[in-house]
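# Structure assessment
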Amino acid sequence: MKRLLAILAVLLAAAWNVQAADEQAPSEGAAQKGGKVFSVYTDSKSPDNHYIPSGWMGDFGDISMDDKYMGEPHSGSTSIKFVYTAKKTQNQGWAGVFWQNPANNWGSKKGGFDLTGLNKLTFWAKGAKGGEIIDKFSVGGIKGTYPDSTEVSMGPVELTTQWQPYSINLAGKDLSYVNGAFNWVVNADSNPSGATFFIDDIKFEYDPALKPEGSKSQEMPFYVYADKGSIQNHFIPSGWMGDYSDLKIDQGVAENPYFGKTCVKVTYGNKASNGARWAGMYWQQPANNWGGVDAGFDLSKAKQVTFWARGEKGGERIEEFKIGGIMGEFSDSDTAGIGPVVLEKEWKQYTIDLQGKDLSYVIGGFAWASNLDVNPDGCVFYLDEIKYE
Amino acid sequence: MIEDRRQRTEDRGPRRHDFRRGLRVFCLLLSVFCLLGMAKAPKKKVYVKTLKDGSYQLMVQGRPFVVKGVCYNPIPIGKSHDHDFWNDPEKPWLVDGALMKKMGVNAVRFYQPGEDLEAARRVIAELYQKFGIRTMMGHWLGFWNYPAPFYDDPEFRKKVKEDLLRTVEALKGEEGLLFWVLGNENNYSFSGKVNPWTSERIEKLGDPRQCMLARAQTYYSFVNELAREIHRIDPDHPVVMGNGELICLDLASEFAPDVDIVGCIIYRGKTFGNIFKGLRNTFDKPLVLIEFGADAYNAQDKKEDEDMQAFFLKSQWGEIYKNLAGSPDGAGNCLGGVMFEWTDEWWKHNEWDPAGWSVQDTASNWSNGSYYLDIQAERNMNMNEEWFGIVKLVPEDAPEKEGQVPAVLDRRQPRKAYYDIREFWKDPKTKRNPRK
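Worth saying up front: this structure is predicted, and the values here are computed from it rather than measured.

## Describing unusual backbone geometry
The omega torsion of the bond from A:Gln285 to A:Pro286 falls at -15°, within 30 degrees of zero and hence cis. Relative to the assigned elements, A:Pro286 resides in the loop between strand E18 (278–284) and strand E19 (304–311). Look at the link from B:Phe340 to B:Glu341: it is a cis peptide, with omega at 5°. Summarising the element assignment, B:Glu341 is placed in the loop between strand E13 (334–339) and strand E14 (391–394). Notably, B:Arg379 is not glycine yet its phi reads approximately 55°, a positive angle. In this fold, B:Arg379 is placed in the loop between E13 and E14.

Right under this line is the structure:
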């Protein structure tokens, strides 16, 4: 009898161990096909964690991180606390962190995980004060020899002081190789005093009811520029053309904006430093996208683009103001513009008619171009309230 | 009594005869009038038909005709743009015509005939009679006039008009003529960026945008005047107005309503974007893409790349067919396309350097991001003007290779795009929607 009980006890213990083993996180590199949850961060040192928040970007000197922060986590005993100082330590004006596998893998090593079978990333976030603006939260996007198989972003997000759930829809996306599991990006213009925020319970999940996210038609008005750092802003004035060395832009000029707190000041010098004798600037989505990244906005609801402009002296001639027109693998779906325009010293509103235009895919949100033949001394001009409506 | 009746009968005889004769004449005349009324007006040889659903179809000799064309400028290696190929005793069109026919090309575009219109007539005739290939005959409308095309000058316009109508008179009777093409990218001159022109009247307007609009109005009105004249003397062939992209066509809708077809020059990579629906919204005329294509030199890898050229051309033809009449998911306003171009032209990179005419330059003249496969070339300069042919020229002294077609001057060697488009044209429906 005793022997029988002992055998039974051994069998029960063995069964218990097998079950426990099944509940352990898969080893690194193992495929996770068909799994329902794949954690990035639950608690500090949790065996469920995958990926390491090692990829610090931009003004990385402005970032500090505590992944064992115990003050009011969303769940469990800890959350991750990030402090961004906005001091532009590396002169970039922005900063961010990538979770990578293995650590510091910018695409040069084979790593990552196969997350096929999962279709969304969820996480919780809050700000220390509320109002902290996160430019974007993303999944994937690391390039290199072993690039991520997808890149999906959401944002901008304005945090509150309460834990809020966030989700990135990955339905229909290729998750066969994900090295850069999660990342956030902030910038100094949107957070001039810095930002302290918390993230918890980051995980990939499967939701059987989730459908792939089609291109969302944006609501109007859709701002290109409202004010410096405004959460309403879209597109980045990153596409400098022609004599780009002769260009300067200041998006936070507080003197005499048309509306709000600031306006944009563009300075075009007359040195023809790059030999072109013309120059221009594109507001792009994302930055520096000349048609190589599939990331356009659907602005089909827009009937026109309006903006306010004035010249420093009056008489500055801008050959063209336009939207769209970037051509690449993922080209703008259309283009529209006005010009030439001779600016006045006082603010004046201009309109680009969009009737009949296909605005289903826009990466070149706004642009201007001019040349030294019509502005022999170069020119300085101001822009404000650039929006689709 | 009986004698009276006989007399009365004899009296009626001649009147009855007159009546019957009159009746016969009347019936004959009535038949003639009826036949004339029932007879349809003679059909134009080439015209555009508007279908019930509003889509457009080009009709040639009563049948739908999809333009499967090439821009044709057979300048031999070692020669430049002013080479008079029309009078070339080697007659390159006889070799090219045969190759074109094998491919399925049904039309060639000439930008302008040479001075010798009789020579042009012979070329048109031979291409059609021997190979069934029709001609789209163009005219620059003086755009390359030195120092500028002064479209606001009545004397300039008169000279251009006389030259054009002389051409029309000389060539209109050719069976192989398809349509006339007026201008090319002349609209780029409105903003002053290309071949700037103006006049005192225009400059007085002051505002640069008003000046631009005035130039557009002047030019399009002139084109309309020419179109009407051509219609008067040659009702059998439509008039196509060349235009770079859709720029300023909203003004053309107002000032050039009598053109029959819009011919656009488009270089947008693998897609024409919104051009078909955009034209419907701007200037609702049928559309022929009179110039489009891709070069076969990869400026990034610095080598010939036939796959790259074929990739873009196949995609472009797919979009053309998607927008023909009868296609369920297009604009229904496209009549076909004309690829740039049939053969490479070795003079194009630097037309003023005779030493360069015998060398196929690999330097790039311009950049276009929509041809993204080699956009990472140095300074993004990826468009190679001397490499746009779907048939390449092979110098006479080069080693012979399989697939080359001997020609008297330069051998022809079709590129991959030649074969890919040939196969596409054979079965465009399947090729557009291949089974997975």
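## Some words on the environment of A:Gly324
Residue and element names in this part refer to chain A. Take glycine 324: it is sitting in strand E21 (residues 320–324). The spacing of glycine 324 and phenylalanine 366 is 42 residues in sequence and 7.0 Å in space, taken between C-alpha atoms. Excluding residues that lie within four positions of it along the chain, glycine 324 makes contacts with Tyr282, Asp332, Asp334, Thr335 and Gly364.

## Regarding the pattern of salt bridges
Residues and elements named next belong to chain B. Under the definition given, this model contains 34 salt bridges over all chains. Between glutamate 304 and arginine 415 there is a salt bridge, with the nearest N and O atoms lying 2.8 Å from each other. Placement of the pair is glutamate 304 in strand E12 (residues 303–304) and arginine 415 in the loop between strand E15 (411–414) and helix H10 (416–426), with a sequence separation of 111 residues. One salt bridge in this structure joins lysine 314 and aspartate 420, with 3.7 Å as the shortest N-O distance. One end of the pair, lysine 314, is in helix H9 (residues 306–322); the other, aspartate 420, is in helix H10, and 106 residues separate them in sequence. Three or more residues joined by partner-sharing salt bridges are found here, namely Glu304, Glu306, Asp344, Lys392 and Arg415.

## Here we look at the packing of helix H4 (residues 154–171) of chain B against helix H6 (residues 208–233) of chain B
Residue and element names in this part refer to chain B. Where H4 contacts H6, the two axes come as close as 11 Å, and the packing angle between them is 30°. Considered as vectors, H4 and H6 are oriented roughly parallel to each other. When the axes of H4 and H6 are compared, the crossing they make is right-handed. Contacts between H4 and H6 pair Arg157, Val160, Lys161, Leu164, Leu165, Val168 and Glu169 from the former with Thr218, Phe222, Glu225, Leu226, Glu229, Ile230 and Ile233 from the latter. Each residue belonging to the contact of H4 with H6 can be placed in one class, and the counts come to 8 nonpolar, 1 polar and 5 charged.

## Thoughts on the confidence of the model for chain A
Here chain A averages 92 in pLDDT, while 91% of its residues score no lower than 70. A low-confidence stretch, residues 17–34 of chain A (pLDDT under 50), is modelled with 21 contacts involving residues beyond four sequence positions or located in other chains.

## Re empty space enclosed by the protein
Residue and element names in this part refer to chain B. Under the definition given, this model contains 2 cavities of 30 Å³ or more. Reported here for the second largest cavity is a volume of approximately 30 Å³. Around the second largest cavity sit Lys45, Val46, Val60, Gln61, Arg134, Glu175, Leu177 and His237, which together line it. Class assignment for the residues of the lining of the second largest cavity results in 3 nonpolar, 2 polar and 3 charged.

## Observations concerning the environment of B:Gly263
Residue and element names in this part refer to chain B. Position of glycine 263 relative to the elements: it lies in strand E9 (residues 261–265). Using a relative accessible area of 0% as the deciding quantity, one classes glycine 263 as buried. Between the C-alpha atom of glycine 263 and that of proline 196, which follows or precedes it by 67 residues, the distance is 22 Å. Non-local contacts of glycine 263, meaning those with residues more than four positions away in its chain, are made with Val240, Met241, Gly242, Asn243, Val288 and Ile290.

## Things to note about the nonpolar core
In terms of nonpolar packing, the biggest core is built from 88 residues, with B:Tyr220, B:Leu249, B:Met339 and B:Trp342 touching the most fellow members. It is H6(B) that provides the largest number of residues to this core, a total of 12 residues. Beyond its immediate stretch of four places on either side in the chain, B:Tyr220 contacts B:Asn187, B:Phe190, B:Met241, B:Asn243, B:Ile247, B:Cys248, B:Leu249, B:Leu251, B:Ala252, B:Phe255 and B:Ala256. Membership of the second largest hydrophobic core comes to 40 residues, among which are A:Leu118, A:Phe137, A:Phe197 and A:Phe204.

## Overview of the interface of chain A and chain B
If you look at the interface, chain A gives 14 residues, while chain B gives 13 residues. A combined buried area of about 1,100 Å² lies between chain A and chain B, and 54% of that area is made up of carbon and sulfur atoms. It is A:Met327, A:Glu329 and A:Pro340 that lose the most area in chain A upon contact with chain B, and together they represent 43% of the buried surface on that side. At the boundary of chain A and chain B, one finds 0 salt bridges. Connecting chain A to chain B are 4 residue pairs in polar contact (both at pLDDT 80 or more).

## A closer look at the packing of helix H2 (residues 92–103) of chain B against H10(B)
All names here are of chain B. Packing of H2 against H10 leaves a shortest axis separation of 9 Å and a crossing angle of 45°. It follows from the interaxial angle that H2 and H10 lie oblique. In this structure, H2 uses Leu99, Lys102 and Met103 to contact H10, whose residues at the interface are Ala417, Tyr418, Ile421, Arg422 and Trp425. Residues that form the contact of H2 with H10 fall into these classes: 6 nonpolar, no polar and 2 charged.

## Concerning the sheet that holds E21(A)
All names here are of chain A. With antiparallel pairing, 5 strands are arranged side by side in an open sheet as E15-E18-E25-E21-E22. Two strands close off the open sheet at either side, each with one partner strand: strand E15 (236–242) and strand E22 (335–338). Within this sheet the neighbouring strands show an average axis-to-axis angle of 20°, counted without direction. Where E21 meets E22, 4 bridges bridge the pair, whose relative direction is antiparallel. When the sheet's bridge partners are listed, isoleucine 323 is paired in E22 with alanine 336.

Reading the values: rules and limits
- Residues numbered from 1 in each chain as written.
- Chains lettered and ligands numbered in written order.
- Predicted model: local features only at pLDDT ≥ 70, side-chain atom pairs only at ≥ 80, totals over all residues.
- Heavy atoms only, no water.
- Helix = DSSP H or I, 4+ residues; strand = E, 2+ residues; numbered from the N terminus.
- Contact = heavy atoms within 4.5 Å.
- Salt bridge = Lys/Arg side-chain N within 4 Å of Asp/Glu carboxyl O.
- Axes fitted to C-alpha atoms, helices over the stretch in contact; angles between N-to-C directions.
- Parallel < 35°, antiparallel > 145°, perpendicular 65-115°, else oblique.
- Left-handed = near helix turned anticlockwise from the far one by under 90°.
- Nonpolar A, V, L, I, M, F, W, Y, C, P; charged D, E, K, R; others polar.
- pLDDT = per-residue confidence, 0-100.
- 1 Å grid on protein atoms, 1.4 Å probe; cavity = no way out; pocket = protein on both sides within 12 Å on 5 of 7 lines; lining within 4 Å.
- Points joined across faces, edges and corners; volume = space filled by probe spheres on them.
- Buried < 20%, exposed > 50% of the residue type's maximum accessible area, 1.4 Å probe, protein only.
- Core = buried A, V, L, I, M, F, W, Y, C linked by side-chain atoms within 4.5 Å.
- Buried area = accessible area lost by both parts, 1.4 Å probe.
- Polar contact = N/O pair within 3.5 Å; in protein donor to acceptor, adjacent residues only side chain to side chain.
- Pairing = 2+ DSSP bridges.

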